[in-house]
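Working through the structure, step by step
If you want the building blocks of each chain, they are given just below.
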Amino acid sequence: MELKLYLGDAPPEINQTLIRNIIKARHWLAMIIDDKTFSRIAEEEGTSKRRV
């Protein structure tokens, strides 16, 4: 169980870009664990191998 108490300013906005990138990275990690190459992942995801 966790309790957060904020004194002062409200917490910052959620960074949606960061959240999307974390989700994508976890998905790619699962693909790597399943023995897919970076090149194959990039091709399937429509991105560059460098991005993966």
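The rules behind each value
Residues numbered from 1 in each chain as written. Predicted model: local features only at pLDDT ≥ 70, side-chain atom pairs only at ≥ 80, totals over all residues. Heavy atoms only, no water. Helix = DSSP H or I, 4+ residues; strand = E, 2+ residues; numbered from the N terminus. Expected span 1.5 Å × (residues − 1). Polar contact = N/O pair within 3.5 Å; in protein donor to acceptor, adjacent residues only side chain to side chain. Core = buried A, V, L, I, M, F, W, Y, C linked by side-chain atoms within 4.5 Å. Buried < 20%, exposed > 50% of the residue type's maximum accessible area, 1.4 Å probe, protein only. Contact = heavy atoms within 4.5 Å. Salt bridge = Lys/Arg side-chain N within 4 Å of Asp/Glu carboxyl O. Patch = residues over 30% accessible without salt bridge, like charges linked within 9 Å, V, L, I, M, F, W, Y side chains within 5 Å. Areas by Shrake-Rupley, 256 points an atom, 1.4 Å probe, with all protein chains shown as cover.

Side note on helix H1 (residues 16-33)
Taking 1.5 Å as the rise per residue, H1 with 18 residues should run 26 Å; its terminal C-alpha atoms sit 26 Å apart, in good agreement. The N-cap residue of H1 is Asn15: its side-chain oxygen and the backbone nitrogen of Thr17 are 3.1 Å apart. Phi for Asp35, located one or two positions after H1, is positive at around 70 degrees.

As for the nonpolar core
Within the largest apolar cluster, five residues are counted, these being Trp28, Met31, Ile41, Ala42 and Val52. Listing elements by their share of this core, those giving two or more residues are H1 and helix H2 (38-45). Among all residues touching Trp28, those that are not within four sequence positions of it are Ile41, Glu45, Thr47, Arg51 and Val52.

Quick notes on the pattern of salt bridges
Going through the model one piece at a time under the given rule, you end up with two salt bridges. As a salt-bridge pair, Lys36 and Glu44 come within 3.0 Å of each other at their nearest N and O atoms. Note on Lys36: relative accessible area 31%, which makes it partly exposed. You can call Glu44 partly exposed: its relative accessible area is 37%.

Comments concerning a nonpolar patch on the surface
Judged by side-chain polarity, Leu29, Ile32, Ile33 and Phe38 come together as a nonpolar surface patch covering roughly 380 Å² of accessible area. Here the nonpolar patch takes three residues from H1, the largest share from any one element. Tracing the backbone shows Ile33 in helix H1. Judged by relative accessible area, which is 60%, Ile33 ranks as exposed.

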